[in-house]
Protein chains: 2
Amino acid sequence: MSILVVGSVAFDTIDSPQGRRERCLGGAATYFALSASYFTDVRVIGVVGEDFTAQEEAVLTRRGVDTKGLEHTSGKSFHWTGSYLKSLNEAQTLNTELNVFATFSPKIPAAYKDSDFLFLANIDPVLQSSVRQQMPKVRMVCGDTMNYWITGHRENLLKVLVGLDALLINDGEAKLLADNSNLVLAARKILAMGPKALIVKHGEYGSTAFFSEQAFGGAVDGKALMPFRAPALPLDQVVDPTGAGDSFAGGFFGYLASQPEVTLQTFKHAMFYGGVMGSFAVQRFGTERVQSLTREEIDQRFALFRELSHLD
Amino acid sequence: MSILVVGSVAFDTIDSPQGRRERCLGGAATYFALSASYFTDVRVIGVVGEDFTAQEEAVLTRRGVDTKGLEHTSGKSFHWTGSYLKSLNEAQTLNTELNVFATFSPKIPAAYKDSDFLFLANIDPVLQSSVRQQMPKVRMVCGDTMNYWITGHRENLLKVLVGLDALLINDGEAKLLADNSNLVLAARKILAMGPKALIVKHGEYGSTAFFSEQAFGGAVDGKALMPFRAPALPLDQVVDPTGAGDSFAGGFFGYLASQPEVTLQTFKHAMFYGGVMGSFAVQRFGTERVQSLTREEIDQRFALFRELSHLD
């Protein structure tokens, strides 16, 4: 099954304890697409400026990502500058130049209309809704958001949440969205806003999925759905956390799209694959690691994740 | 197999968002002993004052805990006052009255000398060493500590670490002890200090075990040991986090002591049981919940933990 992703394609300038990288290829849609490309066909909707050259585009197309929906326009690409010098757990944004992204209006090529899965990466919820409406036949829709939209664009965001099969956010975002510091209560409130499932990402501690009664018919084998927790891999070096969440989402959704059916079982496996792709992403600067993997490496790490957390 | 625990038996006054409790029975050895009592025989070494009545002692003896080693002396029992009003993740200590605990000198009754397992709860490392030396034949020794001993009594603490089969501490303590903010590197440094295993407790995110090359002969089935991560149960209400770590330790060590052999497999199961007992402890004030469980309830929750984290 093919996935359509809409989101940012950008340049990132990053300071980490391991050094500095200027203008490396980044953006949520880029991380997502590269990560998902190991599992299924991926199509990208985004906008880039004149500084986005054939070399950058080749990073995506080499991985088989369809870039027909990547609009090239005059001006400069989105450029984010951030630092992890204070903490590897939270990026400190030093500068955000939206550039061509400021007036982005997603247009979906006719050839993309038959996409089966849709991922709404972290962008203005008005754009997320617009893309969602242009894809009425899509089978499953997942989305991401961030504090900026939660606090300042809440009404628009709530319209997006209603139609989501799964929302993927981190602990802080979940607690902010629900205005509740207990994660279980926060999850309950968020599920009441519409998403059938909520995946909360805990960084180095893994992720937890919560399900509404609309997920998987409300029960599996006669049992009510309980939360599911997937581990993260303890790493002795985190080089650059940028894009870990988008790589998680790409692994999660890419794996799901590769399966004949979305069941509770494939959903759980997908969370493990999400953790696997996130763990690769942070081991090098930018998208370096998620450009250059093999499916064998991914499945080996999947086996590690299982060994890390399974009882005999 | 029987476990000997040395540590505090105390009264706690606790403020939590759920209310206030004055002078409820607490102390690390109390939580540990009650929690371990569901799995094996437990003996306690500690000291209490005149305010510790037959009613408090009966809480332990009703659960079959042997209190011969509980020294009664003149004066008042250790009394801790803390608050979780600012955060449920970290206790704010408002007052510590050591009272009879200030001059505690552990004496081990002859009848305790044949104990198979020893748990050194969070007390002055000099006392931990003294008890360890009085128990030369013990088969397995685990221990706990806290920031106060790590920063102010480091040399004494290092002497304790050398002889431990497992050290159980939380993330902050591990990073402080190793002076390293990366958990994997911190674990490596701590294992080099002597413990064969390190269990780092992550609160609501579960726990991770790291193993030195001295653990389980350095390899199991020809494979080097990798870390192991056990989940925690997402709870919609945390009433009182006091004693969660000690209850974890009691479940962990109690289960291990109940098994015919300490293997990597029983160690992993023990971590799950640790999480189970910690999750019960926080659901009521003080030791209320860990006083009144059944083994059936514990095993039901163990099954939940497995379902929460296992792939089919």
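What this report covers is the structure whose coordinates are included nearby. Here the structure is a predicted model, which means the values were calculated and not measured. Note on numbering: residues in each chain are counted from 1, in written sequence order. Starting at A for chains and at 1 for ligands, labels are handed out in the order in which the entities are written. Predicted model: local features are reported for residues with pLDDT of at least 70 only, side-chain atom pairs are reported and counted for 80 or more only, and whole-chain, interface and lining totals are derived from all residues. The side-chain quantities take in all heavy atoms of the structure and omit both hydrogens and water.

## Digging into the overall build of chain A
Piece 1. Each helix and strand in chain A was counted, giving 11 helices and 15 strands.
Piece 2. Here the C-alpha atoms of chain A give a radius of gyration of 18 Å, agreeing with the 20 Å that 2.2 N^0.38 yields for 312 residues.
Piece 3. For chain A, the spread of C-alpha atoms along the principal axes amounts to about 55 × 45 × 35 Å.
Piece 4. Buried residues in chain A amount to 60% of all 312 residues.
Piece 5. Taking all contacts inside chain A whose residues are at least 6 apart in sequence as the whole, residues at least 24 apart take part in 63%.
Piece 6. For chain A, the computed accessible surface area is about 12,200 Å², with 49% contributed by carbon and sulfur atoms.
Piece 7. By the counting rule applied here, Lys and Arg register as positive and Asp and Glu as negative, while His and the ends of each chain are not counted. For charged residues, the charge sits on one atom: NZ in Lys, CZ in Arg, CG in Asp, CD in Glu. Considering chain A, the positive charge centre built from 29 side chains and the negative charge centre built from 34 side chains are found 4 Å apart. A run of DSSP states H or I qualifies as a helix once it reaches four residues; a run of E qualifies as a strand once it reaches two. Both are numbered from the N-terminal end. The globule rule is 2.2 Å times the number of residues to the power 0.38, and the radius of gyration it is compared with is taken over C-alpha atoms. Burial classes follow relative accessibility: with a 1.4 Å probe on protein chains only, a residue under 20% of its type's maximum area counts as buried, one over 50% as exposed, and anything between as partly exposed. The contact criterion used throughout is that any non-hydrogen atoms of two residues lie within 4.5 Å. The method behind every accessible area is Shrake-Rupley, applied with a 1.4 Å probe, and residues are considered shielded solely by the protein chains displayed.

## Side note on the interface of chain B and chain A
A common measure of how large an interface is: the accessible area buried when the components associate.
Piece 1. Contacts between the two partners involve 36 residues from chain B, matched on the other side by 37 residues from chain A.
Piece 2. Roughly 3,400 Å² of surface becomes buried between chain B and chain A when both sides are summed, with 56% attributable to carbon and sulfur atoms.
Piece 3. Among the residues of chain B in contact with chain A, Tyr205, Arg229 and Leu311 of chain B are the three that bury the most area, contributing 25% of the side total.
Piece 4. Each reported salt bridge corresponds to a side-chain nitrogen of Lys or Arg within 4 Å of a carboxyl oxygen of Asp or Glu. Our enumeration of links across chain B and chain A arrives at six salt bridges.
Piece 5. N or O atoms within 3.5 Å of each other form a polar contact, as long as, within protein, one can give a hydrogen and the other can take it, and as long as residues adjacent in sequence are counted only when both atoms are side-chain atoms. Our count for the contact surface shared by chain B and chain A stands at 16 residue pairs in polar contact (both at pLDDT 80 or more).
Piece 6. Those elements that place two or more of their residues in the side of chain B that touches chain A are α6 (171-178), α7 (183-192), β12 (207-211), β15 (228-230), α9 (264-281) and α11 (295-309) of chain B.
Piece 7. Looking at the side of chain B that touches chain A element by element, the count peaks at six residues for α11 of chain B.
Piece 8. A breakdown of the residues in the side of chain B that touches chain A according to their chemical character gives 17 nonpolar, eight polar and 11 charged. When two parts are brought into contact, each loses some accessible area as probed by a 1.4 Å sphere; the total of that loss over both is the buried area. When residue character is reported, Ala, Val, Leu, Ile, Met, Phe, Trp, Tyr, Cys and Pro are called nonpolar, Asp, Glu, Lys and Arg charged, and the others, Gly included, polar.

## Brief notes about the packing of helix α6 (residues 171-178) of chain A against helix α7 (residues 183-192) of chain A
Residue and element names in this part refer to chain A.
Piece 1. In contact at an axis separation of 9 Å, α6 and α7 are set at 60° when each is read in the N-to-C sense. The angle between α6 and α7 falls in the class oblique. Once α6 is placed against α7, the crossing between them reads as left-handed. Contacts from Asp171, Ala174, Lys175, Leu177 and Ala178 in α6 reach Leu183, Ala186, Lys189 and Ile190 in α7.
Piece 2. For the contact of α6 with α7, a count of residues per class yields six nonpolar, no polar and three charged. Lines are fitted to the C-alpha atoms to define the axes, a helix being fitted only along its stretch in contact, and any angle between axes, read from their N-to-C directions, falls within 0 to 180 degrees. Angles below 35 degrees are treated as roughly parallel, those above 145 as roughly antiparallel, those between 65 and 115 as roughly perpendicular, and all remaining angles as oblique. Note on convention: the crossing is left-handed when the near helix lies turned anticlockwise from the far helix by less than a right angle, right-handed when the turn is clockwise.

## Digging into the sheet that holds strand β4 (residues 41-48) of chain B
Strand-to-strand pairing in sheets goes through backbone hydrogen bonds, with the strands running parallel or antiparallel.
Residues and elements named next belong to chain B.
Piece 1. In spatial order, the strands read β5-β4-β1-β8-β9-β10-β11-β12-β15; together these nine strands make up an open sheet with mixed pairing. Two strands lie at the open edges of the sheet, namely β5 (70-72) and β15, each paired on one side alone. Along the sheet, successive strands turn relative to each other by an average axial angle of 20°, direction set aside.
Piece 2. Pairing of strand β1 (residues 2-6) with strand β8 (residues 117-120) involves four bridges; the strand directions are parallel. Note on β8: the bridge partner recorded for Val6 is Leu120.
Piece 3. Along the sheet, helix α1 (residues 28-36) makes contact with β1, β4 and β8, crossing β1 at roughly 165°. Here a strand pair is declared whenever DSSP counts at least two bridges between the two strands.

## Topic: the side chain of Ser129 of chain B
Piece 1. Inspection of the secondary structure puts Ser129 of chain B in helix α3 (residues 125-134).
Piece 2. By relative accessible area, Ser129 of chain B is classed as buried at 18%.

## Some remarks on the pairing of strand β2 (residues 10-16) of chain B
Looking down a regular strand, the side chains alternate between one sheet face and the other.
All names here are of chain B.
Piece 1. Within β2, seven of the seven residues are buried, which leaves it mostly tucked inside the rest of the structure.
Piece 2. Pairing of β2 with strand β3 (residues 19-26), which is carried by six bridges, proceeds in the antiparallel orientation. Paired with Asp15 across the strands is Arg20, a residue of β3.
Piece 3. The turn linking β2 back onto β3 is made up of two residues.
Piece 4. Here β2 pairs with strand β6 (residues 78-83) via six bridges, running parallel.

## A few points about empty space enclosed by the protein
Piece 1. Every definition here rests on a 1 Å grid over the protein atoms only: cavities are sets of points where a 1.4 Å probe fits but cannot get out, pockets are open sets enclosed by protein on both sides within 12 Å along at least five of seven lines, and lining residues have some atom within 4 Å of a point. Grid points are joined across faces, edges and corners, and a volume is the space filled by probe spheres set on the points. Per the stated rule, a full pass over the model turns up one cavity of 30 Å³ or more.
Piece 2. Quantified by volume, the largest cavity comes out at close to 90 Å³.
Piece 3. Contributing to the lining of the largest cavity are Tyr205, Arg229, Ala230, Pro231 and Ser309 of chain A together with Tyr205, Arg229, Ala230, Pro231 and Ser309 of chain B.
Piece 4. Elements with a minimum of two residues in the lining of the largest cavity: β15 (228-230) of chain A together with β15 of chain B.
Piece 5. Residue composition of the lining of the largest cavity, grouped by class: six nonpolar, two polar and two charged.

## Here we look at the pairing of strand β11 (residues 197-201) of chain A
Residues and elements named next belong to chain A.
Piece 1. Of all five residues in β11, five are buried, a share of seventy percent or more.
Piece 2. Side chains Ala197, Ile199 and Lys201 project from β11 onto one buried face, and the interleaved Leu198 and Val200 project onto a second face that is buried too.
Piece 3. Summarising the sheet, strand β10 (residues 166-170) and β11 pair through five bridges and their orientation is parallel. When the bridges of β11 are listed, Ile169 appears paired with Val200.

## Considerations on the relation of the copies chain B and chain A
Piece 1. To line up the copies, we fit them by least squares on C-alpha atoms, keeping just the residues with pLDDT of at least 70 in both. When chain B is brought onto chain A, the operation consists of a screw motion whose angular component is 180° and whose axial shift is 0.0 Å, with 0.0 Å RMSD remaining. Considering both components of the superposition, the chain copies are consistent with a two-fold axis.
Piece 2. Both copies contact each other with a shared surface, as 100% of the interface residues of chain B are interface residues in chain A too.

## Focus on the sheet that holds strand β6 (residues 78-83) of chain A
Residues and elements named next belong to chain A.
Piece 1. Overall, mixed pairing links the four strands, which are arranged β3-β2-β6-β7 in an open sheet. The open sheet has two edge strands with one neighbour each: β3 (19-26) and β7 (92-97). Going across the sheet, the axis of each strand differs from the next one's by a mean of 15°, ignoring polarity.

## Here's the deal with the packing of aromatic side chains
Piece 1. Stacked, edge-to-face and tilted labels apply to pairs of Phe, Tyr and Trp rings (six-membered ring for Trp) whose centres lie within 6.5 Å, assigned for plane angles under 30 degrees, over 60, and everything in between, in that order. The final tally for this structure, using the stated rule, is 37 aromatic pairs over all chains.
Piece 2. Between Phe39 of chain A and Tyr273 of chain A, the aromatic rings sit 5.3 Å apart at their centres with planes inclined by 75°, giving edge-to-face as the arrangement. Here the residue Phe39 of chain A occupies a position in the loop between α1 (28-36) and β4 (41-48), and Tyr273 of chain A occupies one in helix α9 (residues 264-281), the gap between them amounting to 234 residues.
Piece 3. Centre to centre, the rings of Tyr205 of chain A and Tyr205 of chain B are 4.9 Å apart; their planes meet at 10°, and the pair counts as stacked. Taken together, the residues Tyr205 of chain A in the loop between β11 and β12 (207-211) and Tyr205 of chain B in the loop between β11 (197-201) and β12 connect one chain to another.
Piece 4. Given a relative accessible area of 15%, Tyr205 of chain B falls into the buried group.
Piece 5. Through a chain of ring-to-ring contacts, the aromatic side chains of Phe32, Phe117, Phe119, Phe211, Phe216, Phe252, Phe253 and Phe267 of chain A assemble into a single cluster.
Piece 6. Lying over the aromatic face of Tyr38 of chain B, Arg63 of chain B brings its terminal NZ or CZ to 3.7 Å of the ring centre.
Piece 7. Lying over the aromatic face of Phe280 of chain B, Arg301 of chain B brings its terminal NZ or CZ to 3.8 Å of the ring centre. Placement of a positive charge over a ring is assigned whenever Lys NZ or Arg CZ falls within 6 Å of the ring centre and within 35 degrees of the normal to the ring plane.

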